[in-house]
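Structural description and commentary
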Amino acid sequence: MKRLLTALLIPICSASYAQKLETLTVEKIMRDPKWMGVAPSNIHWSDDSKKLYFNWNPNSTDRDELFAVTPASTKPTKIGIDEQRTFTTENGEWNKIHTQKLYEKNGDLFLLDIKTGKTRQLTATTEREGNPSFSADQSKVIFSRADNLYSLNINNGELVQITNFVHSAAAPAAPAGPTGGGGRRSGLGGSGGAARAAQTQAAGSEQERWLKAEQLEVFDIIKVREKDRKLDSIQAKQFEVRKLKEIAVGDEFVSGTTLSPDGRFVTYNLVKIATDAKRTNVPNYVTASGFTEDIPNRTKVGAPENTSESYIFDTQRDSVYRVSVAGIPGIKDIPAYFKDYPKELEQRSKRNEDRQVNIIRTQWSEDGKYAVAMVIAQDNKDRWIMKLDAATGKLSPLDREHNDAWVGGPGFYELGWVDNTHIYFESEDPGYAHLFVEDVTNGSKKQITSGKSEVQTLQLSADKKTFYFTANMEHPGITHFYKVPVTGGEPVKLTTMKGTNTVTLSPDEQWLAINYSYTNKPDELYIQPNKPGATATQVTNSLTEEFKSYPWRDPQLITFKNRYGSDVYAHLYLPAKPDPSKPAVVFVHGAGYLQNVMYGWSEHYFREYMFNNMLTDNGYTVLQLDYSGSAGYGRDWRTAIYRHMGGKDLTDQVDGVKLLVDKYGVNPKHVGMYGGSYGGFMTLMAMFTEPDVFAAGGAIRSVTDWAHYNHGYTSEILNEPFNDENAYRASSPIYFADGLKGNLLMLHGMIDQNVNYQDIVRLSQKLIELHKDNWSLASYPVEDHGFVQPSSWTDEYKRIYKLFETTLKGQ
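Description of the structure in this document. (Residues numbered from 1 in each chain as written. Predicted model: local features only at pLDDT ≥ 70, side-chain atom pairs only at ≥ 80, totals over all residues. Heavy atoms only, no water.)

**As for the overall build of the chain**
For clarity, the threshold we go by: Per the convention used, a helix needs a DSSP run of H or I reaching at least four residues, while a strand needs a run of E reaching at least two, with both numbered from the N terminus. Note on exposure labels: buried denotes an accessible area under 20% of the residue type's maximum, exposed denotes more than 50%, and partly exposed covers the range between, all computed with a 1.4 Å probe on protein chains only. In this analysis, two residues are considered to be in contact whenever any of their non-hydrogen atoms come within 4.5 Å of each other. Note on areas: these come from Shrake-Rupley sampling with a 1.4 Å probe, and a residue is covered only by the protein chains present in the view.
A count of helical and extended segments in the chain gives 14 helices and 44 strands. Principal-axis analysis of the C-alpha atoms gives the chain an extent of 120 × 70 × 60 Å. Buried positions account for 52% of the 811 residues belonging to the chain. Counted over contacts in the chain with a minimum sequence separation of 6, partners at least 24 positions apart contribute 58%. Put simply, the chain shows about 37700 Å² of open surface, and 50% of that area lies on carbon and sulfur atoms.

Structure follows, in structure tokens:
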């Protein structure tokens, strides 16, 4: 499941919640999260690095407000609307010496001078200008307007249009390479009538040429007129203004347009939109009109996809040609899973077709001598980094990352230039996402980071001598901010606090803004000099007295071996007074690819963290795992669920229950499970396929049949249902519903635009047809995938708590 989080998740302070929090109840912990306090968010530096801005709500009012501090004065000050009007945008492009910044705001372009603090508006039009960048000599602004590229001289305001894309009903095909033939050649099997007509037309043309030559020979006046015509033509050409070449693009969408630093080459993609892809509608029952209204929604996995081709416009030769992908290494490879489908494998082998690939980005070296392109296979099995010869449109390989499951991981799309001959990127080839630098002139490659850890964020310093990155090098559940030279060496740790450190580096790279949290302590903002071992100064104190009055647990972070011999990381909550029934509850995080067992506050599952505390207070042992498929543990753990969701990820939960029984005295007949989204799916699979392990389950906003989920997420893990039906049948709870023995509670928002309500309706009908009577469904008419209303959160967790109390105790 994609990370669909509510914006409510936040920790923090207010006099309005001054009462003491004693016994935890669902009603208390599922209130509007402002009762906890509101943590700082949207943290960003001013362009001159003198102020640090953030949204905050220390008094738990209706809305967050903007505050600022300086490195010298860390007392938050509220920022008024007049100052906010002068702000630039956070995004933009700096010049080489970091003294000017280009940015787009409200569809117009602006240039900020850092030394003077003055901003100059470069455009003021009704059309939207965007994607501004400096030209190679820094004298012009290159930007996009509609589909086209323009150049604006910063000094004299001269505006030049660079491309002229024209949409038409049918565009002729461009050749593959600058010398190829254009258009489609008609077939040789034309009718005899058409051939005779062509011959007749040719004969007529020959007659006209002969008569014209005779006239010129016989009459002097014709000779004089012909001479004058030729002279007029020569003179007209001397004064002729060269028109910008029209580039016909039909009904396709233009994207990814870039200009080479020398201004000669324009690279771009033409995207063919899959207009025939059928989309779902989500009925909305509680509306202002009083009528049911449909919410247009998404496609389902396997629907036709958009396709794209990449092109080059050579402004010097005034020609357009395709980038050739035919020679990409492995482009004809057939995915390994087809070995399970021999007939289809044989057919594909005979066809010997290229796989569909997309060039998602082209980047030029600063001097314009080299260009590199990132290419991704549409079947998710490969990512290539290729060197592009813009003069010919040919690609040559620099790096190929292949995975029989699917390529991905943190930093997957990272690609940039260290200098004019070296690129940097991340790759999971070592087993974990690490940083590499490669020389594009000879293909030599150097790994910069290493170990059983992942580079989770990456930033190149302004002088291009240092990489700054976030990684979990000390422990999978601890993130710190590091720096390392671009030439390699031992990384230097810059943050010191144990937990989760999310860092925003100031533009001058002198200061770190650290959003820090610990397992039982929500986010707070700190400022620290950009020096190893420096002290971080706390800026915000956001928690309410009520929240602080309860001793929130710091659960044990343990590991155990699963049945395959791999380490599984888990949070364990042990009750001070276990209930006599020795019950246990397993909480399953959502998203699949997400990390929730760490020494940091769970911004995704803070409500569940509080609910787990409440369960523990009431005698339950609680366990939550970073099961197979979770983030933070490398490539093999990430892809362990390939073609079988509800396989290793579920057996990890079963092995965790065995640990609770063997080591912590849990009654094996009194174990329940709950979770939302992917966690809801896992709960269904547990109740249907491991009914002797789990006696009760609360399944929230659950996928019940993966063939009905979206394409982007599902196709990576299970391929497509019509190509890999076995994977979908093995992974979808609806096929195993007959295995239900225990007590199942399902809960779902009726306007869920991620996992549609149709999913749970289909499973309900299946359970009815199977004559199952130990299940129930709670529907929430105004809730999307991420619930918003406190009343909905309260209702669903009261039901889940009641389920566990009535089924896991006193038996």
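**Quick look at the sheet that holds strand β16 (residues 265-272)**
Cut-off, in case you're wondering: Only strands joined by at least two bridges in the DSSP assignment are considered to pair. Here an angle of 0 to 180 degrees is reported between the N-to-C directions of two axes, which are lines fitted to C-alpha atoms, with helices fitted over the stretch in contact.
What the four strands build is an open sheet, ordered β15-β16-β19-β20; its pairing is antiparallel. A single partner strand is all that each edge strand has here, and the edge strands are β15 (253-259) and β20 (319-322). Going from strand to strand, the sheet's axes swing by 25° on average, the running direction of each strand aside. Two strands pair when backbone bridges link them, and strand β19 (residues 307-314) and β20 are joined in this way by four bridges, in the antiparallel orientation. The partner of Tyr311 across the bridge, within β20, is Arg322.

**Things to note about the pairing of strand β38 (residues 567-573)**
Of all seven residues that make up β38, six are buried, and the element is covered over most of its length. Bridge analysis of strand β37 (residues 556-561) against β38 gives six bridges, and the strand direction is antiparallel. Across the sheet, residue Lys561 finds its bridge partner in β38, namely Asp567. Direction of pairing for β38 relative to strand β40 (residues 621-626): antiparallel, over a ladder of five bridges. Its bridge partner lying in β40, Tyr573 is registered against Val622.

**Overview of the sheet that holds β38**
Strand pairing in a sheet relies on backbone hydrogen bonds, with the paired strands running either antiparallel or parallel. Taken in spatial order, the eight strands of this open sheet run β37-β38-β40-β39-β41-β42-β43-β44, and their pairing is mixed. Each of the sheet's edge strands pairs with one partner strand only, and the pair in question is β37 and β44 (775-780). Within this sheet the neighbouring strands show an average axis-to-axis angle of 20°, counted without direction. Taken together, the five bridges between strand β41 (residues 671-676) and strand β42 (residues 696-700) define a ladder with parallel strand orientation. If you follow Gly676 over to β42, its bridge partner there is Ile700.

**What about unusual backbone geometry?**
For Ala591, which is not a glycine, the phi torsion comes out positive at approximately 75°. Checked against the element boundaries, Ala591 lands in the loop between β39 (584-588) and α7 (606-617). On the basis of relative accessibility, which here comes to 5%, the residue Ala591 falls in the buried class. At Arg701, a position not held by glycine, the phi torsion is positive, near 40°.

**Some points on the packing of aromatic side chains**
Applicable threshold: A pair of Phe, Tyr and Trp rings is counted when the ring centres sit within 6.5 Å of each other, with Trp represented by its six-membered ring. The angle between the planes then sorts it: under 30 degrees is stacked, over 60 is edge-to-face, the rest tilted.
Scanning the model with the defined rule gives 44 aromatic pairs in all. Their ring planes at 55° and their centres at 5.8 Å tell us that Trp35 and Phe547 sit as a pair that is tilted. In this pair, Trp35 is assigned in the loop between α1 (26-29) and β1 (41-45) and Phe547 in helix α6 (residues 545-548), connecting sequence segments 512 residues apart. The same class applies to Trp35 as to Phe547, namely buried. Plain terms: the ring middles of Phe547 and Trp601 are 6.2 Å apart, the flat faces sit at 80° to each other, and that makes the pair edge-to-face.

**As for the side chain of Arg383**
As a reminder, the rule being used: Residues adjacent in sequence count toward polar contacts only when both atoms are side-chain atoms; beyond that, a polar contact is any pair of N or O atoms within 3.5 Å, and within protein one must be able to donate a hydrogen and the other to accept it.
Here Arg383 shows up in strand β23 (residues 382-389). Exposure remark for Arg383: the relative accessible area of 0% places this residue in the buried category. There is a polar contact of 2.9 Å between the side chain of Arg383 and the backbone oxygen of Glu426. Residues contacting Arg383, with those up to four places away along its chain left out, are Met374, Val375, Ile376, Asp399, Arg400, Glu401, Val407, Phe412, Phe425, Glu426 and Ser427.

**Examining helix α9 (residues 648-664)**
We count it as follows: In this scheme, a helix's expected span is set at 1.5 Å multiplied by one less than its residue total.
If you check α9, its first and last C-alpha atoms are 23 Å apart, about what 17 residues at 1.5 Å a residue would give, namely 24 Å. When α9 is considered as a whole, its buried residues turn out to be Asp649, Leu650, Thr651, Asp652, Gln653, Val654, Asp655, Gly656, Val657, Leu659 and Leu660. In the stretch just after α9, Gly665 is the one whose phi turns positive, near 70°.

**Examining the nonpolar core**
Rules: Think of a nonpolar core as a cluster: buried Ala, Val, Leu, Ile, Met, Phe, Trp, Tyr and Cys residues, connected wherever their side-chain atoms sit within 4.5 Å.
Formed by 78 residues in total, the largest nonpolar core has its most connected members in Tyr678, Phe688, Phe694, Trp706, Leu744 and Leu763. For this core, the element with the most residues is helix α10 (residues 678-689), which contributes eight residues. Counting residues in each nonpolar core, the second largest holds 42 residues, with Met614, Ala696, Leu745 and Trp793 among its members.

**Some thoughts on the pattern of salt bridges**
Between side chains of opposite charge, pairing is possible as soon as their charged atoms come close. Defined as follows: Put simply, a salt bridge is a Lys or Arg side-chain nitrogen that is within 4 Å of an Asp or Glu carboxyl oxygen.
Enumeration according to the criterion identifies 42 salt bridges in this entry. Note that Lys741 is salt-bridged to Asp692, the shortest N-O span being 3.4 Å. Linking Lys741 in the loop between α12 (725-731) and β43 (743-749) with Asp692 in the loop between α10 and β42, this pair joins segments that are 49 residues apart in sequence. Judged by relative accessible area, Asp692 falls into the exposed class, the value being 63%. The partner of Glu805 in a salt bridge is Lys809, with the nearest N and O atoms 2.8 Å apart. Overall, the relative accessible area of 15% leaves Lys809 in the buried class.

**Observations concerning the environment of Gly488**
Position of Gly488 relative to the elements: it lies in the loop between β31 (478-485) and β32 (492-493). You can call Gly488 buried: its relative accessible area is 16%. Here the alpha-carbon distance between Gly488 and Arg361, two residues 127 residues apart in the chain, equals 26 Å. Residues contacting Gly488, with those up to four places away along its chain left out, are Lys446 and Ile448.

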